Amino acid sequence: MNRVPIISQSDEYQDDEHNSNNINPSKKDSTTAPESLAPTTASEPFSTPLEKKGSEEDLLLRPTRMVDMVGQQEVYARIEIAVHAAKKRGEPLGHILFDGPPGLGKTTFATCIPKELGVSYQIGNGATLRAPKDIVPYLTNAEEGSILFIDEIHRMQKTVEEFLYPAMEDFRIDLTLGEGVNARTLNIQLKPFTLIGATTRTGLISAPLRDRFQMREHLDFYTIEELSEIIRRNAHKLRVQINEQAAFEIASRSRGTPRLANNRLRWVRDFADAKANGQITLLVAQDALEMQGIDTLGLDPQDRKYLDTILRVFNGGPVGVEAVAHTINIAPDTLVDEVEPFLLRSELVIRTPRGRRITTKGLVHMGADPSKYDCSSPYNKDPYSDGPARLF
Ligand code: ADP
C-alpha cells in the first residue's frame, strides 16, 4: 500500500485572496533607539550561563532595546523616566519588582534596562537560591550600577531573602565564618547595584521584601493590535511572509501573551513551509492553529480540559483549584500561574469564596446550555439556604 506523504504542498493555500498586502520581510526595520535612551558607555552586558536559557530563535525574537518593545505603555513610560533620571544623576536605578503572568515581558524589561543604562547584568533564579551562599557570588560580582535580575523571586528561600535586605538597603552583606565560639562575622561592602525581581505571584512575596523595591510594576495582557504588531515584526525577523489578516488571526489566538504569539507564529511558519510555499495567509494560519487544537479565543487543549472538568465533573462549580488540578493531573501551581489568569481575565471563569465557577460566557464557549447550569453570581445567593440573599 502506498503511504500518502504526511507533508505535502497543498494547492488549497496557493491562491489566497488575502495575500495582497504581504509584509515584505526584506524591508529594512526603521526602528532606532532615541537619543534619550542611548547607552552612555560602550560596555556591553556580560552574559551568564543562566542567560543562555532560550533557543537561538528565542533570543532572536526577544527585543534587545526598550524601544523595540511593544505595548505596556504606562509601565514603559515610568521605567523610561526612572532610567533617564538614574543616568542623569549617575546613580544606580532603584530596585524594581515586575509581576504578572508568564510570557508578558518581565525578563525582556529586565534585560533591556541594563542596555539603556549601559551597564552589565547577571541573571539568577529564585528556585536555585536555597541558601545565602548561593547568592553571595552574584552580589560580590555585581559591578557599580549593574543589574542583578532574579526571576521567580517568590521561590527564593526565606534565609536568602533576609540575607538580601542589607544588600538591597545599604549595599553590604554580613557573612558568618566558622562555627560556635570560633564564629566571626565578616562585613562586606558591595558596589551599589540594582535588583530587578520578577514574579508570577506577588501574593507570595513577603511585605518586607516587597517594600524594599522602589518600583513595583504589574504587566498586563496585551491587546490584539499589540500582539499583531509583535507578530509582524517577528515574521520579519524570521524572514517569513505574512499578511495583515493572518497576523491578526494569530494575535487573537495568543491569549494576550507575546510568548504564545511567538510560539504560534513559529508553528504557523513551519506549517506554511510544509504546506503552503512558506507564505502565511489567513487560511494557512487558521488551519495551522486548528491542527494544534487552538480555538478562536486562543484556548489550547489544556485550557479547555480545565473548563470541561469544571463543567462536566463539578457541574459548573464552585470547585477548589486543588480538586480540578488533581482531576486533570496538573500541578495546582501550573493551573494558578499559567492556565487561570487568562481565563479569569476573559471572564470564562470566576473566583468565588467557595472556589472556581464557570460563567455563562464559559458555558457558551464550551458549547453547553447555560439554562442547565446555575451560573448566577454566588454573591447573590445565600449558600446555606434557598431563601433570598443575606447581606451580612
Ligand atoms: P516573562 O519573563 O514575563 O515570562 P519574557 O520577557 O521572557 O516573559 O517574554 C517572552 C517573549 O515574549 C520574549 O522572548 C519576547 O520575544 C516576547 N515579548 C515579551 N514582551 C514583549 C514586548 N513588550 N514586545 C515584544 N516582544 C515581547
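Structure: above.
What comes next is a walk through the structure. Keep in mind the model is a prediction, meaning the values are calculated, not measured.

**Focus on the overall build of the chain**
- Assigned secondary structure in the chain consists of 14 helices and 12 strands.
- Burial status across the chain gives 47% buried among its 392 residues.
- When contacts within the chain are restricted to residue pairs at least 6 apart in sequence, those whose partners lie at least 24 apart make up 71%.
- Here the chain displays about 20400 Å² of accessible surface, and carbon together with sulfur accounts for 51% of that area.

**Description of the pattern of salt bridges**
- Counted according to the given criterion, the structure contains 27 salt bridges.
- Of the charged contacts, one joins Lys 133 and Asp 134 as a salt bridge, the two residues approaching to 3.5 Å between their closest N and O atoms.
- For Lys 133, a relative accessible area of 64% translates into the label exposed.
- By relative accessible area, Asp 134 is classed as partly exposed at 22%.
- Via salt bridges that share partners, Glu 57, Asp 58, Arg 266, Arg 269 and Asp 270 belong to a single interconnected network.

**Things to note about the site of the ligand**
- For the ligand, the set of nearby residues contains 17 residues, the closest of which are Val 70, Gly 103, Lys 106, Thr 107 and Thr 108.
- Taking Val 70, its main chain carries an N or O atom lying 2.8 Å from a nitrogen atom of the ligand.
- Between Gly 105 and the ligand, the recorded distance is 3.1 Å, taken from a backbone N or O atom to an oxygen atom.
- Here the ligand loses 95% of its free accessible area of 560 Å² to cover by the protein chains.

**As for helix H2 (residues 73-89)**
- Given a rise of 1.5 Å per residue, 17 residues ought to cover 24 Å, and the 24 Å separating the end C-alpha atoms of H2 matches this to within 8%.
- Taken as a whole, H2 has its buried residues at Val 75, Tyr 76, Ile 79, Ala 82, Val 83, Ala 86 and Lys 87. One side of H2 carries all its buried residues, which in axial view fall inside an arc of 135°. Along H2, exposed side chains directed more than 90 degrees from the buried face belong to Gln 73, Glu 74, Ile 81, Lys 88 and Arg 89.
- Check the buried side of H2 and you find it contacts strand S2 (96-99), helix H3 (106-117) and strand S8 (215-218).

**Quick word on the sheet that holds strand S3 (residues 121-125)**
- Strand order in the open sheet made by the 5 strands is S3-S4-S7-S2-S8, with parallel pairing throughout. The open sheet has two edge strands, S3 and S8, and neither has a second partner. When the angles between neighbouring strand axes are averaged without regard to direction, this sheet yields 15°.
- Of the pairings in the sheet, the one linking S2 to strand S7 (residues 194-199) comprises 4 bridges and is parallel in character. Looking at S7, one finds that Asp 99 is bridged to Thr 199.
- Relative to strand S4 (residues 147-151), H3 is tilted by about 175°, and along the sheet it contacts S2, S3, S4 and S7.

**Comments concerning the nonpolar core**
- Core analysis: the largest hydrophobic core is formed by 74 residues, its most contacted members being Ile 79, Ile 113, Ile 280 and Tyr 306.
- Once residues within four sequence positions are removed from consideration, Ile 113 is found in contact with Met 66, Ile 79, Val 83, Leu 93, Ile 96, Phe 98, Ile 147 and Ile 196.
- Counting 26 residues, the second-largest nonpolar core is a separate cluster that includes Leu 148, Met 168, Leu 190 and Leu 209.

**Considerations on the packing of helix H11 (residues 301-312) against helix H13 (residues 332-345)**
- For the pair H11 and H13, the least separation of the axes is 11 Å and the interaxial angle reads 80°. For the element pair H11 / H13, the angle class is roughly perpendicular. Within the contact between the two elements, H11 uses Gln 302, Asp 303, Tyr 306 and Leu 307 and H13 uses Leu 335, Val 339, Glu 340 and Leu 343.
- Residue composition of the contact of H11 with H13, grouped by class: 5 nonpolar, 1 polar and 2 charged.

**Details of the environment of Ser 254**
- Counting through the fold element by element, Ser 254 comes out in the loop between helix H8 (244-252) and helix H9 (258-275).
- Separated by 40 residues in the primary sequence, Ser 254 and Ile 294 place their C-alpha atoms 8.9 Å from one another.
- Sequence-distant contacts of Ser 254, that is, excluding residues within four places in its chain, are made with Leu 227, Leu 260, Ala 261, Arg 264 and Gly 298.

**A closer look at the side chain of Thr 199**
- On the secondary structure map, Thr 199 appears in strand S7.
- Dropping the residues within four chain positions of it, Thr 199 is found in contact with Leu 97, Phe 98, Asp 99, Gly 100, Lys 106, Ile 153, His 154 and Ile 205.

**A word on H9**
- Relative to the 26 Å expected for 18 residues at 1.5 Å per residue, H9 spans 25 Å between its end C-alpha atoms, a close match to the ideal helical length.
- Among all positions of H9, only Pro 258, Leu 260, Ala 261, Asn 262, Arg 264, Leu 265, Arg 266, Val 268, Arg 269, Phe 271, Ala 272 and Ala 274 are buried.
- Contact partners of the buried residues in H9: helix H1 (56-61), helix H7 (224-237), strand S9 (241-243), H8, strand S10 (279-280) and helix H10 (282-291).

**Notes on the layout of surface pockets**
- In this structure, the second largest pocket spans a volume of roughly 290 Å³.
- Along the walls of the second largest pocket sit 19 residues, with Gly 100, Pro 101, Thr 200, His 218 and Pro 341 positioned nearest its centre.
- In terms of residues, the lining of the second largest pocket owes the most to one element, H13, which gives 6 residues.
- A breakdown of the residues in the lining of the second largest pocket according to their chemical character gives 8 nonpolar, 4 polar and 7 charged.

Basis of the calculations
- Residues numbered from 1 in each chain as written.
- Predicted model: local features only at pLDDT ≥ 70, side-chain atom pairs only at ≥ 80, totals over all residues.
- Heavy atoms only, no water.
- Helix = DSSP H or I, 4+ residues; strand = E, 2+ residues; numbered from the N terminus.
- Buried < 20%, exposed > 50% of the residue type's maximum accessible area, 1.4 Å probe, protein only.
- Contact = heavy atoms within 4.5 Å.
- Areas by Shrake-Rupley, 256 points an atom, 1.4 Å probe, with all protein chains shown as cover.
- Salt bridge = Lys/Arg side-chain N within 4 Å of Asp/Glu carboxyl O.
- Near = heavy atom within 4 Å.
- Polar contact = N/O pair within 3.5 Å; in protein donor to acceptor, adjacent residues only side chain to side chain.
- Expected span 1.5 Å × (residues − 1).
- Arc of directions from axis to C-beta.
- Pairing = 2+ DSSP bridges.
- Axes fitted to C-alpha atoms, helices over the stretch in contact; angles between N-to-C directions.
- Core = buried A, V, L, I, M, F, W, Y, C linked by side-chain atoms within 4.5 Å.
- Parallel < 35°, antiparallel > 145°, perpendicular 65-115°, else oblique.
- Nonpolar A, V, L, I, M, F, W, Y, C, P; charged D, E, K, R; others polar.
- 1 Å grid on protein atoms, 1.4 Å probe; cavity = no way out; pocket = protein on both sides within 12 Å on 5 of 7 lines; lining within 4 Å.
- Points joined across faces, edges and corners; volume = space filled by probe spheres on them.

In short, the description is geometric, and any link to function would need to be established separately.
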